[in-house]
Amino acid sequence: MSTARRKLLLMGKSGSGKTSMRSVIFSNYSAKDTKRLGATIDVEQSAVRFLGSLVLNLWDCGGQNAFVDNYLTAQKDTIFANVAVLIYVFDITSTEWDVDLKYFEEIVTALRENSGDARVWVLINKMDLADKEDPKRTKYGTRKADIVGVDERVGKGKGELRCFPTSIWDESLYKAWSSVVHTLIPNIGLITSHLTFLRDLCLAVEAVVFETDTFLVIAKSGSPLDGDSSTLDEREVAGNAKVLDRQRFEKISEIVKGFRKTCQRNGEQWVGFESTFDECKVVLEPLTKNTFILVVSVDPIIEVGMLQYNIRESQLHFS
Ligand code: GTP
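Residues numbered from 1 in each chain as written. Predicted model: local features only at pLDDT ≥ 70, side-chain atom pairs only at ≥ 80, totals over all residues. Heavy atoms only, no water.

> Can you walk me through the sheet that holds strand β13 (residues 291-297) in this structure?
The strands that make up a sheet pair up through hydrogen bonds in the backbone, lying either parallel or antiparallel. One open sheet holds the 5 strands; their spatial order is β8-β7-β13-β12-β11, and the pairing between them is antiparallel. Lying at the two open borders of the sheet, with one neighbouring strand each, are β8 (217-220) and β11 (273-277). Along the sheet, successive strands turn relative to each other by an average axial angle of 20 degrees, direction set aside. Where strand β7 (residues 206-211) and β13 come together, 6 bridges link them in antiparallel fashion. Residue Val208 lies in a different strand from β13, and its bridge partner there is Leu294. Sheet strands touched by helix α9 (residues 248-265): β7, β8, β12 (280-288) and β13. Its angle to β7, the strand with the most contacts, is close to 45 degrees. (Pairing = 2+ DSSP bridges. Helix = DSSP H or I, 4+ residues; strand = E, 2+ residues; numbered from the N terminus. Axes fitted to C-alpha atoms, helices over the stretch in contact; angles between N-to-C directions. Contact = heavy atoms within 4.5 Å.)

As structure tokens, this is what we get:
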């Protein structure tokens, strides 16, 4: 299979949390470790291989004013050419919202001139600091409306813009970054249809694929519990009063990464997970060289061994 290369720009004001996010997702840092990070000087480029067939070229652009001014002038043609996704990070606690928005506007303008159909993912970060005083997230709502307004004005409907509230301290970070990579995987439609087939074959309710190193969610089977798998909104499960957690898979990403780090520290290797409680059977194990799969069944006749057998038999289709 040929390799697809995608350029991702990571931008936003100094201190908003860009390098912290990159380090937590791609370099196994804990949120606490990020306190040691210094400011990024100019642009730090890194290449991350995904699933064997996708390489993400990540440009982490230091956010100090002098660097940003340079991106918008001397380096404009280099920085903004051939961009697949701009990930723009705002700090929800910033006290200079008008200035932040002005910079965002200038960057989106430069992006649209050079990479017209690039997607824009806006992450409004450090939500952990805002949530205590504003649990209903009113501030997030107004910030998001301002950002959408800027994009409509300068982007004129080109490309796509999505906003996510994030914090490096919880699973919201995985939710946002999973959404970024999900849209970049070349054969995602095929992976998702194989996954749905496997889920139905196992009489399961959920089947989810994670990337092995980052544990980002790559594909979801579109569980009947969810309806639309792209939004994962909370909703009532038919015949069951339980409300699903809309970030449940990203919670698993965070837990597994934390647990795997503990195992490494103790010289152990984490290889997977299986469990049976009440009528629920859960299997989380390697699917291919680059992926893990989670299958959940609530059917009383299904055994864990049968889920594992089907997963192993299906491996060829996902390679
Ligand atoms: P430049 O490299 O100067 O552009 O900054 P940056 O955007 O890369 O910021 P960086 O990742 O260095 O983060 C600055 C500080 O913010 C660090 O001390 C992080 O620990 C902290 N930080 C990042 N994300 C969060 C978050 O979600 N919540 C909280 N509370 N702190 C965060």
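> For this particular structure, what's the right way to read the sheet that holds strand β5 (residues 119-125)?
One open sheet holds the 6 strands; their spatial order is β2-β3-β1-β4-β5-β6, and the pairing between them is mixed. Strands at the two margins of the open sheet, each flanked by one partner only, are β2 (43-50) and β6 (160-165). Pairwise comparison of adjacent strand axes, ignoring direction, gives a mean angle of 20 degrees for this sheet. The pairing of strand β4 (residues 85-91) with β5 spans 7 bridges and is classified as parallel. Bridging from a neighbouring strand, Leu86 pairs with Val120 of β5. Sheet strands in contact with helix α6 (residues 138-155) are β4, β5 and β6, and its direction is about 165 degrees off that of β6. The sheet strands contacting helix α7 (residues 172-184) are β1 (4-12), β2, β3 (54-61), β4, β5 and β6, and the helix crosses β5 at an angle near 175 degrees.

> Honestly, the nonpolar core in this entry has me stumped. Any pointers?
As a rule of thumb, nonpolar side chains are buried together in soluble globular proteins. Residues Leu8, Phe50, Leu56, Ile87 and Trp177 are the most contacted members of the largest nonpolar core, which totals 50 residues. Ranked by residue count, the leading element in this core is α7, at 7 residues. Apart from residues no more than four positions distant in its own chain, Leu56 is found in contact with Arg6, Leu8, Phe26, Ser46, Ala47, Val48, Phe50, Val181 and Leu184. (Core = buried A, V, L, I, M, F, W, Y, C linked by side-chain atoms within 4.5 Å. Buried < 20%, exposed > 50% of the residue type's maximum accessible area, 1.4 Å probe, protein only.)

> In this structure, what is going on with empty space enclosed by the protein? I would like to understand it.
Rolling a probe over the atoms, with the probe sized like a water molecule, indicates the empty space that remains. Within this structure, the stated rule accounts for 1 cavity of 30 Å³ or more. Considering only enclosed or pocket space, the largest cavity measures out at about 60 Å³ in volume. Contributing to the lining of the largest cavity are Met11, Gly12, Lys13, Cys61, Gly62, Gly63, Asn65, Val68, Tyr71, Tyr88, Tyr103 and Ile107. Looking at the lining of the largest cavity, the elements with two or more residues in it are β1, α2 (65-71) and α4 (97-114). (1 Å grid on protein atoms, 1.4 Å probe; cavity = no way out; pocket = protein on both sides within 12 Å on 5 of 7 lines; lining within 4 Å. Points joined across faces, edges and corners; volume = space filled by probe spheres on them.)

> Would you mind showing me how to read the pairing of β13 here?
Residues in a regular strand point their side chains to alternate faces of the sheet. Counting buried residues along β13, 7 of its 7 residues qualify, which places the element largely inside the surrounding structure. Sheet analysis places β12 next to β13, joined by 7 bridges and oriented antiparallel. Opposite Pro286, over in β13, you have Phe292 as the bridge partner. Here β12 folds back onto β13 in antiparallel fashion, the turn holding 2 residues.

> Is there a simple way to explain the packing of aromatic side chains in this structure?
Aromatic rings in a pair are described by how distant their centres are and how their planes are angled relative to each other. Per the counting criterion, the structure on display carries 9 aromatic pairs. Plain terms: the ring middles of Trp270 and Phe292 are 5.2 Å apart, the flat faces sit at 20 degrees to each other, and that makes the pair stacked. Placement of Trp270 in the loop between α9 and β11 and of Phe292 in strand β13 is noted, with a sequence separation of 22 residues between them. Assigned by exposure class, Trp270 and Phe292 land together as buried. Taken together through their ring pairs, the aromatic side chains of Tyr88, Phe90, Trp97 and Phe104 make up a single cluster. Here the basic side chain of Arg143 rests over the ring of Trp97, its NZ or CZ set 4.3 Å away from the ring centre. (Phe/Tyr/Trp six-rings, centres within 6.5 Å; stacked < 30°, edge-to-face > 60°. Lys NZ or Arg CZ within 6 Å of the ring centre and 35° of its normal.)

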